[in-house]
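Examination of the molecular architecture
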Amino acid sequence: MKKRIILCIIIAISLALSLIACTPKVSVPIVPEGPAPLSLERDLGVYVDGTWFPILQDAEALLTALGSDYTMEIIGACVYQGDDKIFIYADCMVFTNPNGVRDIWHLIKLDSDNLSTSRDIRVGMTLDELTAAYGTAFYGELGDDIVLVYSISGVEEDEESPFIRFVLDGDIITYIEICYPTNDFS
């Protein structure tokens, strides 16, 4: 009788273990807390009157949306055939590199609250609003101004990684730079 009870217990344990082993595992995705990491497609560009202009594109559409009230500085291109240009508006500065007959914009400096990043951050907003939108995965510099940089690679020494730079006075954003470091369009 004792042998039957022990045998029944062993069979029950074996059956339970085989059922556990055959049960498909359910994968539960890990959702990071806070905002999504910086993305080239979603974050590197600017909104003008509700229209998204991604970086490293022909500057014509962006410049048209910004209007004709600008001054332009022309600087001889060091890397490309043609001229680098800076279009200076009341609200921003747009930097371009030549690519054949087109100008490709690779940097915009936002100087007013009339333009926003993809996460609706504008000049004049606070550090708390900035970190709520972009998180704390930045590197920075402290001094008279606070400079917080969010880059695609997340590596501080990676000078080739596209980035967004926020410059703050105290906890208020004074200007924003959205940049794709350019050396080659190929």
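The model shown is predicted, which means the values in this text are computed figures rather than measured ones.

Re the overall build of the protein
When helices and strands are tallied, the protein shows 4 helices and 10 strands. Reading the helices (α) and strands (β) of the protein from amino to carboxyl end gives α-α-β-β-α-β-β-β-β-α-β-β-β-β. When contacts within the protein are restricted to residue pairs at least 6 apart in sequence, those whose partners lie at least 24 apart make up 41%. Of the roughly 11800 Å² that the protein leaves accessible, carbon and sulfur atoms contribute 57%.

Digging into a nonpolar patch on the surface
A surface patch of nonpolar side chains, amounting to about 280 Å² of accessible area, comprises Y70, M72 and I74. Structurally, the position occupied by M72 is in strand β3 (residues 71-76). Using a relative accessible area of 39% as the deciding quantity, one classes M72 as partly exposed.

A short note on the side chain of T96
Here T96 lies in strand β5 (residues 92-99). Excluding its chain neighbours within four sequence positions, the residues that come into contact with T96 are A59, D84, K85, F87, D103, I104, W105 and H106.

Thoughts on the environment of D83
Its place among the elements puts D83 in strand β4 (residues 83-88). For the pair formed by D83 and N97, sequence separation is 14 residues and the distance between their alpha carbons is 6.8 Å.

Digging into the pairing of strand β6 (residues 102-110)
Within β6, 7 of the 9 residues are buried, which leaves the element mostly enclosed by the surrounding structure. Judged from the 8 bridges that link them, β5 and β6 form a sheet pairing that is antiparallel. Residue pairing across strands places N97 opposite I104, the latter belonging to β6. Between the antiparallel neighbours β5 and β6 lie 2 residues, among them G100 with a positive phi of about 70°.

Description of the environment of V48
Looking at the secondary structure, you find V48 in strand β1 (residues 45-48). Each C-alpha atom, one on V48 and one on L66, is 7.1 Å from the other, the two residues being 18 residues apart in sequence.

A word on the side chain of S161
Here S161 shows up in the loop between β8 (146-151) and β9 (163-169). Not counting residues up to four positions away in its chain, the partners in contact with S161 are S151, I152, S153 and P181.

Thoughts on helix α4 (residues 127-134)
Taken together, the buried positions of α4 are occupied by L130, A133 and Y134. Looking straight down α4, one finds its buried side chains confined to an arc of 80°; they lie on one side. Among the exposed residues of α4, those oriented more than 90 degrees off its buried face are D128 and A132. Where α4 is buried, its residues touch α2 (40-43), β8, β9 and β10 (172-179). At the C-terminal side of α4, G135 shows a positive phi close to 85°.

Re the sheet that holds β8
Taken together, 8 strands build an open sheet; the order of strands is β3-β4-β5-β6-β10-β9-β8-β7 and the sheet is antiparallel. The open sheet terminates on both sides in strands that have one partner only, identified here as β3 and β7 (139-141). Strand-to-strand, the axes of this sheet are offset by a mean angle of 20°, without reference to chain direction. Of the pairings in the sheet, the one linking β6 to β10 comprises 4 bridges and is antiparallel in character. Note that in β10 the partner of L110 across the bridge is I176.

A closer look at a negative patch on the surface
There is a patch of like negative charges on the surface, built from E141, E156, E157, E159 and E160. As for its placement among the helices and strands, E159 is situated in the loop between β8 and β9. With a relative accessible area of 68%, E159 lands in the exposed category.

What counts, and at which threshold
- Each chain has its residues counted from 1, running along the sequence as written.
- Where totals are concerned, whole chains, interfaces and linings use all residues; where local detail is concerned, this predicted model gives features only for residues with pLDDT of at least 70, and gives and counts side-chain atom pairs only at 80 or more.
- Note that water and hydrogens are dropped before the side-chain values are worked out from all heavy atoms of the structure.
- By the criteria applied, helices consist of DSSP H or I runs no shorter than four residues and strands consist of E runs no shorter than two, each listed in order from the N terminus.
- Two residues qualify as a contact provided that any one of their heavy atoms is within 4.5 Å of a heavy atom in the partner residue.
- Note that accessible areas follow from Shrake-Rupley with a 1.4 Å probe, and for residues the cover is restricted to the protein chains shown.
- Surface patches are defined over residues having more than 30% relative accessible area and no salt bridge, joining like charges when they lie within 9 Å and nonpolar side chains (Val, Leu, Ile, Met, Phe, Trp, Tyr) when within 5 Å.
- By convention in these notes, a salt bridge is any Lys or Arg side-chain nitrogen within 4 Å of a carboxyl oxygen on Asp or Glu.
- Think of it in three bands: residues with accessible area under 20% of the maximum for their type are buried, residues over 50% are exposed, and the middle band is partly exposed, with areas taken using a 1.4 Å probe on protein chains only.
- A pair of strands counts as paired when DSSP detects no fewer than two bridges linking them.
- Our arc is simply the arc of the directions from the helix axis toward the C-beta atoms.
- Lines fitted to the C-alpha atoms define the axes, with helices restricted to the stretch that makes contact. Angles between their N-to-C directions range from 0 to 180 degrees.
- Lys and Arg are tallied as positive, Asp and Glu as negative. Neither His nor the chain termini are counted.
- We put the charge of a Lys on NZ, of an Arg on CZ, of an Asp on CG and of a Glu on CD.

Shape descriptors only; they carry no functional weight alone.
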